[in-house]
Amino acid sequence: MNVYIEYAFLDNLTMDCLILLLATTTLAQKVRWHRILLGGVVGSVTAILTFTLDGVLLYFAKFLSLMLMCIATVGFGKRLFWCVVTTFGYTFLIGGAIVGLFNLGQPLAGGVIYQSDIPLFCYFFAILLAVVVVKLIVTYAKDVKRVLPNMHSCQIVLDGCHKVKALYDSGNSAVCNSLPLCFVSKRFADIIAKRMLFGKTRDVQVCTIAGKSTVIATQGQVIFDGKTIDVYFAIGKMSSLYDVILANSICPQKTQNQQEN
């Protein structure tokens with residue numbers, strides 16, 4: 001029978017990426033998509049290079065392939081051990097599911113193949129896509145549940161009046177020139193850039209989890225609960241759920257209630 005190298009590569013690539021995604025998600029390990037893709041490429045290449053091996057050498061090659069793809073995905077350290085264990089488990093789980101689902105044919109290199117006009121990687125890609133979509137939906141739902149109680153509708157005055165969704169951040173105590181410092185999305189970047197050309201901005205040093213950084217701020221107003229409050233605005237990292245992060249002094253009543261609780 002004919003074995004097409006590109007099909008073998010794509011079959012292994014999609015399956016390895018699926019297994020690595022499931023493993024890292026199960027372990028709640030934050031891994032960028034390109035690291036998972038790199039791990040899939042490493043696993044696929046090593047699987048093809050060791051295709052003709054058998055016996056003890058085959059088992060050693062498979063273990064080495066598992067180690068290399070996990071290292072490419074999560075690097076070294078404690079995370080590597082658990083990634084290897086979980087990936088190993090999912091490999092057996094998915095391998096057993098494949099054997100059970102497909103109409104098995106003749107043995108191939110000590111294993112089995114399925115009989116189908118559709119390449120195996122098409123099935124894996126469909127499953128991988130479904131897992132990614134479900135993961136994105138779950139992540140979005142968690143974000144909504146987390147921020148929804150602290151979201152408010154308000155207006156900001158920044159070269160015009162804008163209706164926005166704002167997030168109340170009890171941890172944002174930053175100030176600029178004795179006024180609260182609020183953060184806006186990149187939607188307002190052009191306005192702040194124009195103001196910077198006319199010298200209507202100033203540099204402000206803020207402290208974040210990542211450390212100290214300097215942002216460019218400009219003065220404006222927040223209209224919240226019928227009150228107009230003078231503030232400074234700076235561009236910040238924003239979720240798609242809101243366009244503004246309010247300073248904690250914008251909601252003094254909420255701050256007081258949280259402190260009492």
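Residues numbered from 1 in each chain as written. Predicted model: local features only at pLDDT ≥ 70, side-chain atom pairs only at ≥ 80, totals over all residues. Heavy atoms only, no water.

Student: What am I meant to see in the overall build of the protein here?
Tutor: A count of helical and extended segments in the protein gives 7 helices and 10 strands. Across the protein, every contact between residues at least 6 apart in sequence was considered, and the portion connecting residues at least 24 apart equals 63%. Element-wise, carbon and sulfur atoms account for 63% of the exposed surface of the protein, whose accessible area totals about 16400 Å². (Helix = DSSP H or I, 4+ residues; strand = E, 2+ residues; numbered from the N terminus. Contact = heavy atoms within 4.5 Å. Areas by Shrake-Rupley, 256 points an atom, 1.4 Å probe, with all protein chains shown as cover.)

Student: Looking at this model, I keep getting lost on the nonpolar core. Mind explaining?
Tutor: Soluble, globular proteins show a tendency: their nonpolar side chains are buried together. If you look at the biggest cluster of nonpolar residues, it comprises 19 residues, and the most contacted ones within it are Ile36 and Cys70. The element contributing the most residues to this core is helix 1 (residues 5-26), with 7 residues. Leave out the neighbours within four places in its chain, and cysteine 70 touches Leu20, Gly75, Leu80, Cys83, Val84 and Thr87. (Core = buried A, V, L, I, M, F, W, Y, C linked by side-chain atoms within 4.5 Å. Buried < 20%, exposed > 50% of the residue type's maximum accessible area, 1.4 Å probe, protein only.)

Student: Where do I start with the packing of helix 1 against helix 2 (residues 33-49) in this structure?
Tutor: Describing two packed helices takes the angle between their axes plus the distance from one axis to the other. Two elements in contact, helix 1 and helix 2, have axes whose closest approach is 8 Å; the angle formed by their N-to-C orientations is 135 degrees. By the angle between their axes, helix 1 is oblique relative to helix 2. The crossing of helix 1 and helix 2 is right-handed. Within the contact between the two elements, helix 1 uses Ile5, Ala8, Phe9, Asn12, Leu13, Asp16, Cys17, Leu20, Leu21 and Thr24 and helix 2 uses Ile36, Leu37, Gly39, Gly40, Val41, Gly43, Ser44, Val45, Ala47 and Ile48. Classifying every residue of the contact of helix 1 with helix 2 by side-chain character gives 13 nonpolar, 6 polar and 1 charged. (Axes fitted to C-alpha atoms, helices over the stretch in contact; angles between N-to-C directions. Parallel < 35°, antiparallel > 145°, perpendicular 65-115°, else oblique. Left-handed = near helix turned anticlockwise from the far one by under 90°. Nonpolar A, V, L, I, M, F, W, Y, C, P; charged D, E, K, R; others polar.)

Student: Hey, could you run me through the pattern of salt bridges in this one?
Tutor: A side chain of one charge can pair with a side chain of the opposite charge when the charged atoms of the two come close. Scanning the entire structure with this criterion turns up 2 salt bridges. Between arginine 195 and aspartate 159 there is a salt bridge; the shortest N-O distance is 2.9 Å. With arginine 195 in helix 6 (residues 189-197) and aspartate 159 in the loop between strand 3 (151-157) and strand 4 (161-168), this residue pair connects regions lying 36 residues apart in the sequence. Exposure remark for arginine 195: the relative accessible area of 14% places this residue in the buried category. (Salt bridge = Lys/Arg side-chain N within 4 Å of Asp/Glu carboxyl O.)

Student: Honestly, the confidence of the model for the protein in this entry has me stumped. Any pointers?
Tutor: Detailed reading of predicted coordinates is not advised where the pLDDT is low. Here the protein shows a mean pLDDT of 80. Residues at 70 or above account for 83%. Mean pLDDT values over the elements of the protein span from 43, in strand 1 (residues 104-108), up to 92, in strand 6 (residues 179-184). Under a pLDDT of 50 for its full length, residues 100-112 has, in the predicted model, 17 contacts with residues more than four places off or in other chains. Between residues 252-261, whose pLDDT stays under 50, and residues either more than four places distant or in other chains, the model counts 9 contacts. (pLDDT = per-residue confidence, 0-100.)

Student: What exactly am I supposed to notice about helix 6 here?
Tutor: In an α-helix there are 3.6 residues to a turn, and that puts residues three or four apart on one side. Along helix 6, the residues classified as buried are Ile191, Ile192 and Arg195. For helix 6, the buried positions fall inside an angular range of 95 degrees around the axis, keeping them on one side. Facing away from the buried side of helix 6 by more than 90 degrees, the exposed set consists of Asp190, Lys194 and Leu197. (Arc of directions from axis to C-beta.)

Student: Where do I start with the packing of aromatic side chains in this structure?
Tutor: To describe a pair of aromatic rings, one takes the distance between the centres and the angle between the planes. Counted under the stated rule, the structure contains 1 aromatic pair. Aromatic side chains phenylalanine 81 and tryptophan 82 sit 5.0 Å apart centroid to centroid with 75 degrees between the ring planes, which places their arrangement in the edge-to-face category. With relative accessibility at 45%, the residue tryptophan 82 sits in the partly exposed group. (Phe/Tyr/Trp six-rings, centres within 6.5 Å; stacked < 30°, edge-to-face > 60°.)

Student: It is not clear to me how unusual backbone geometry should be interpreted in this structure. Could you clarify?
Tutor: Here asparagine 177, not a glycine, exhibits a phi torsion of approximately 55 degrees, which is positive. Along the chain, the position of asparagine 177 falls in the loop between strand 5 (175-176) and strand 6.

Student: For this particular structure, what's the right way to read the side chain of asparagine 172?
Tutor: With respect to the helices, strands and loops of the structure, asparagine 172 is situated in the loop between strand 4 and strand 5. Within the structure, the side chain of asparagine 172 is placed 3.5 Å from the backbone oxygen of leucine 246, a separation counted as a polar contact. Once you skip the residues sitting within four places of it in the chain, asparagine 172 turns out to touch Leu181, Cys182, Phe183, Ile245, Leu246, Ala247 and Asn248. (Polar contact = N/O pair within 3.5 Å; in protein donor to acceptor, adjacent residues only side chain to side chain.)

Student: Where do I start with the side chain of serine 185 in this structure?
Tutor: Following the sequence through the fold, serine 185 ends up in the loop between strand 6 and helix 6. When its relative accessible area of 8% is taken as the criterion, serine 185 is described as buried. Leave out the neighbours within four places in its chain, and serine 185 touches Ile235, Gly236, Met238 and Asp243.

Student: Sorry if this is basic, but what is going on with the packing of helix 1 against helix 3 (residues 55-74) here?
Tutor: Two numbers describe how helix 1 lies on helix 3: the axes approach to 11 Å, and their chain directions differ by 60 degrees. As summarised for this structure, helix 1 and helix 3 are arranged oblique, according to the angle between their axes. In this structure, the crossing between helix 1 and helix 3 has a hand that is right-handed. Residue-level inspection shows Asp16, Leu20 and Thr24 of helix 1 in contact with helix 3, the latter providing Met69, Cys70, Thr73 and Val74. Per-class residue counts for the contact of helix 1 with helix 3 are 4 nonpolar, 2 polar and 1 charged.

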